[in-house]
Amino acid sequence: MIIDKIENLKMYESVNPLFAKVVEFLAQNDLNKLEAGKHEIEGKDLFVNIQMAKGKTPDEAVIETHNKMIDIQIPITAAETFGYTQRDQLPQAEYNAEKDITKIPGIAADSYVTCQPGMMAIFFPEDGHAPCIAGVPELKKAIFKVKA
């Protein structure tokens, strides 16, 4: 997991070759103005989902993991808190290969971190994360899906 300002994403380009494409996309697009939905950047290997997500309490948030994709999650309109638990500390659960997601409900995260607009949280396949914890009924957010 990486928590940082969006402007520092360039420093992490060596982590994954597609991160440079995310930096380029962010330089050319205003996330505030993008319509909700999926925006392809490099086909299935790199895209961004712009969502209007329901704000949740820590008890409502569900821990999830991904096998094939890295998430770069960016809150746009409000602060967003993420629960975090290392994947190897989570119980086994059913994997949805089509959506590349395993959801593990009913478990509290080990720790929590809050990102303000202008910040990002990067979650790798080994990172269990519970998104959308927010003190507002709804928040706009961007989730870049990057092939691991």
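This text follows the structure it describes.
Report on the accompanying structure. Here the structure is a predicted model, which means the values were calculated and not measured.

1. Quick look at the overall build of the protein
Item 1. Broken down by element type, the protein carries one helix and twelve strands.
Item 2. Reading the protein from its N terminus to its C terminus gives the helix and strand order β-α-β-β-β-β-β-β-β-β-β-β-β.
Item 3. Along the three orthogonal principal directions, the C-alpha set of the protein runs to about 40 × 30 × 25 Å.
Item 4. Classification of the 148 residues of the protein by burial places 46% in the buried group.
Item 5. For the protein, contacts bridging at least 24 residues in sequence account for 81% of all contacts bridging at least 6.
Item 6. Entry remark: accessible area of the protein is about 7800 Å², with carbon and sulfur atoms responsible for 49%.

2. Points about the pairing of strand β12 (residues 138-147)
Within a regular beta strand, the side chains point alternately toward one face of the sheet and then the other, so they alternate between its two faces.
Item 1. Across the ten residues that make up β12, a large majority, eight, are buried.
Item 2. Where strand β3 (residues 46-54) and β12 come together, nine bridges link them in antiparallel fashion. In the strand pairing of β12, Val48 is matched with Phe144.
Item 3. Relative to β12, strand β5 (residues 69-75) runs antiparallel, the two sharing seven bridges. Residue pairing across strands places Met69 opposite Lys147, the latter belonging to β12.

Analysis parameters
- Residues numbered from 1 in each chain as written.
- Predicted model: local features only at pLDDT ≥ 70, side-chain atom pairs only at ≥ 80, totals over all residues.
- Heavy atoms only, no water.
- Helix = DSSP H or I, 4+ residues; strand = E, 2+ residues; numbered from the N terminus.
- Buried < 20%, exposed > 50% of the residue type's maximum accessible area, 1.4 Å probe, protein only.
- Contact = heavy atoms within 4.5 Å.
- Areas by Shrake-Rupley, 256 points an atom, 1.4 Å probe, with all protein chains shown as cover.
- Pairing = 2+ DSSP bridges.

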